[in-house]
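The primary structure of each chain is shown beneath.
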Amino acid sequence: MANPLYDTLFGRHDGKDTPFLMLRDGAKITHADFLGRAARIAHALTDAGLKPGDRVAAQVEKSPEALALYAACAQAGLVFLPLNTAYTVDELSYFIEDSGARMVICDPVGEAGLTPLCDRLGAQILTLGADGHGGLMAQAARHEDRFETVAREGSDLAAFLYTSGTTGRSKGAMLTQDNLISNAVTLAEHWRFTQDDVLLHALPIFHTHGLFVATNVTAVSGAAMIFLPKFDVGALIDLMPKATALMGVPTFYTRLLGEERFTKQLTAGMRLFISGSAPLLAETHVEFEKRTGHRILERYGMTETNMNTSNPYEGERRAGTVGFPLPGVELKITDRETGEEVPQGEVGLIEVRGPNVFKGYWQMPEKTKAELREDGFFLTGDLGRIDADGYVSIVGRDKDLIISGGYNIYPKEIELVLDEQPGVLESAVIGVKDADFGESVVGVLVPRPGAEIDRDAVMAALQGSLARFKQPRRLEILDELPRNTMGKVQKNLLRERFGG
Ligand code: MLC
Ligand code: AMP
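Keep in mind that what you see is a predicted model, and the values were worked out from it rather than measured.

A. Local environment of the site of ligand 2. Surveying the vicinity of ligand 2 reveals 16 residues, the closest of which are Arg 299, Thr 303, Asp 382, Lys 399 and Asn 408. Here a nitrogen atom of ligand 2 and a backbone polar atom of Arg 299 are 2.7 Å apart. A distance of 2.6 Å separates an oxygen atom of ligand 2 from a polar atom in the side chain of Asp 382. Relative to its unbound accessible surface of 500 Å², ligand 2 loses 92% to contact with the protein. Secondary-structure elements contributing two or more residues to the shell around ligand 2 are strand S13 (297-302) and strand S20 (392-397). Tallying contributions element by element places S13 first for the shell around ligand 2, with five residues.

B. Fine view of the sheet that holds S20. In space, the four strands of this open sheet follow the order S16-S17-S19-S20, with antiparallel pairing throughout. Either end of the sheet is taken by a strand with one partner, and the two such strands are strand S16 (330-334) and S20. Strand-to-strand twist in this sheet, taken as the mean axis angle between neighbours without regard to direction, amounts to 50°. The sheet contact formed by strand S17 (residues 348-353) and strand S19 (residues 378-386) spans four bridges and is antiparallel. Its bridge partner lying in S19, Val 352 is registered against Phe 378.

C. Representation of the site of ligand 1 within the structure. As a matter of local geometry, ligand 1 sits amid 24 residues, with Arg 255, Ser 277, Arg 299, Ser 404 and Arg 468 nearest to it. Between ligand 1 and Gly 406 there is a distance of 2.9 Å, counted from a nitrogen atom to a backbone nitrogen or oxygen. For ligand 1, whose free accessible area comes to 1000 Å², the fraction covered by protein is 76%. Here the shell around ligand 1 is composed, by residue class, of 10 nonpolar, nine polar and five charged.

D. Geometry of the environment of Leu 199. With respect to the secondary-structure elements, Leu 199 resides in strand S9 (residues 198-201). Other than its neighbours up to four places away in sequence, Leu 199 contacts Phe 193, Ala 214, Thr 218, Ala 224, Met 225, Ile 226, Ala 245, Leu 246 and Met 247.

E. Summary view of the domain arrangement of the protein chain. Taken domain by domain, the protein chain holds domain 1 (4-190) and domain 2 (401-498). Put simply, the middle of domain 1 and the middle of domain 2, counted by C-alpha atoms, are 34 Å apart. Every contact between the two is made by 11 residues of domain 1 and, on the other side, 13 residues of domain 2. For the pair domain 1 and domain 2, the summed buried area comes to about 920 Å², and 54% of that belongs to carbon and sulfur atoms. Along the contact surface separating domain 1 from domain 2 lie one salt bridge. In this structure, Glu 91 engages Lys 470 in a salt bridge whose closest nitrogen and oxygen atoms are separated by 2.6 Å. For the pair domain 1 and domain 2, the number of links is four residue pairs in polar contact (both at pLDDT 80 or more). Grouping the amino acids of the side of domain 1 that touches domain 2 by side-chain chemistry returns two nonpolar, seven polar and two charged.

What counts and what doesn't
- Residues numbered from 1 in each chain as written.
- Chains lettered and ligands numbered in written order.
- Predicted model: local features only at pLDDT ≥ 70, side-chain atom pairs only at ≥ 80, totals over all residues.
- Heavy atoms only, no water.
- Near = heavy atom within 4 Å.
- Polar contact = N/O pair within 3.5 Å; in protein donor to acceptor, adjacent residues only side chain to side chain.
- Areas by Shrake-Rupley, 256 points an atom, 1.4 Å probe, with all protein chains shown as cover.
- Helix = DSSP H or I, 4+ residues; strand = E, 2+ residues; numbered from the N terminus.
- Pairing = 2+ DSSP bridges.
- Axes fitted to C-alpha atoms, helices over the stretch in contact; angles between N-to-C directions.
- Nonpolar A, V, L, I, M, F, W, Y, C, P; charged D, E, K, R; others polar.
- Contact = heavy atoms within 4.5 Å.
- Domains from an automatic or database assignment.
- Buried area = accessible area lost by both parts, 1.4 Å probe.
- Salt bridge = Lys/Arg side-chain N within 4 Å of Asp/Glu carboxyl O.

Structure representation (structure tokens):
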């Protein structure tokens, strides 16, 4: 194939009048129409001087055009770099600079804030609004709806996704065409997706789950998506009778269960409910089955690896587990110190290897070496166990990470900002149990001797520098942080104290 990613996901549907995206207002966008938009965008990007391998950073609201931008990048051989819409200019500047993006696509509202940065870095900027209007589509409209697909190899880069790190510095995970294709094909088969499926798509499209799992699986199987701008429990309930499958983070499922209208009858036409990105409580699994008769299928993945494991489609979907390694994926549980596999049933670090595993972190050879072994096994930082029947469970994390509503939050990044605030000597950020988001963020501050900390002023100071979802929901003040004999902050004690 000349361009394996584009051809596998999109090109095969060229010219088809079958529906690809269905919008809330009932409008339908066919495969042909979608690919026509993508082709026009591909022209606009190449006309702007972009060459294969160049990075295109996009911080845009979810829309059919935003998705067409992804397809356009694939078709033109550009590296797609989607960014969370909640990120502030401070956060974005790092991603844009580090990736060396040649083009930034942003919401018209964000243009003025980003222009000085783009000027400084020599990146071009075009706008794309939630309604699909703006400079990008104005450029695209000048071109024809056919674009000669740029030839690429499976080993070429297709996307960068930034993931934060325990040191507070984000890393650009480099994903190849083959990484994305192998996972899309495997998942579509494993979960029995066909062209008759209609996926209810309410996830953001700037992360692995909404983009590479939900979208790629739909695209590769020729299915359609009901494409919602964001999660809205009322809309999900209204539209469920028209869908066959849903993919979501656990918050989707707990919120659905909170609705009286969410009944067995409503879900009668649904074939499959899939959960991932954060642990699904066994009680949610059980309550969901009681209410609807469906067993949620839980799977496990991450930015660097796409999906690693899944519960079976047929066979027992076991609550509290993430199922078996996917076909083609090897998974082992190892001892952190020795790197040796632990005896069956014991807890250790989860390592994975397979065609799904990324190429490394952009311009970070040391970090890549630390997490990606020479033999191809990637150290996930998750702690797990394999039971006697082969089901994998995730029992904790070796990395200091909070997952709130499916978004990853690295405490270090927030601590670095809190430590800068007036009167703050040091800080520790912890995740505490939250009924809606699974975990939520609490900041613990230690004042400098003789200083008073103004919590409101600290919260206000975070607004400009940290995305809202990362900001602590609560600030607590302590005279000192509990530390072990090695001087390491004992976050477990803080969680016990402030977790209630
Ligand atoms: C929104 N807020 C959050 C939040 N989402 N705060 C913490 N954690 C979150 N996840 C903030 C809002 O800014 C707002 O702030 C307040 O919480 C209430 O917002 P809301 O209206 O209740 O939120 P909502 O828009 O409904 O979003 C909740 C959500 C959303 C769960 C639907 O966060 C979401 O779509 N999450 C999915 C994330 C995802 O796709 N993860 C996949 C990563 S890939 P305020 O105070 O200003 O009102 C990955 C790999 C894998 O992990 O395995 O899949
Ligand atoms: P991200 O870096 O956003 O890709 O998040 C990946 C992390 O999410 C993994 O390393 C896990 O810690 C977590 N994760 C994903 N799926 C699951 C799941 N089903 N259960 C528990 N944790 C999960």
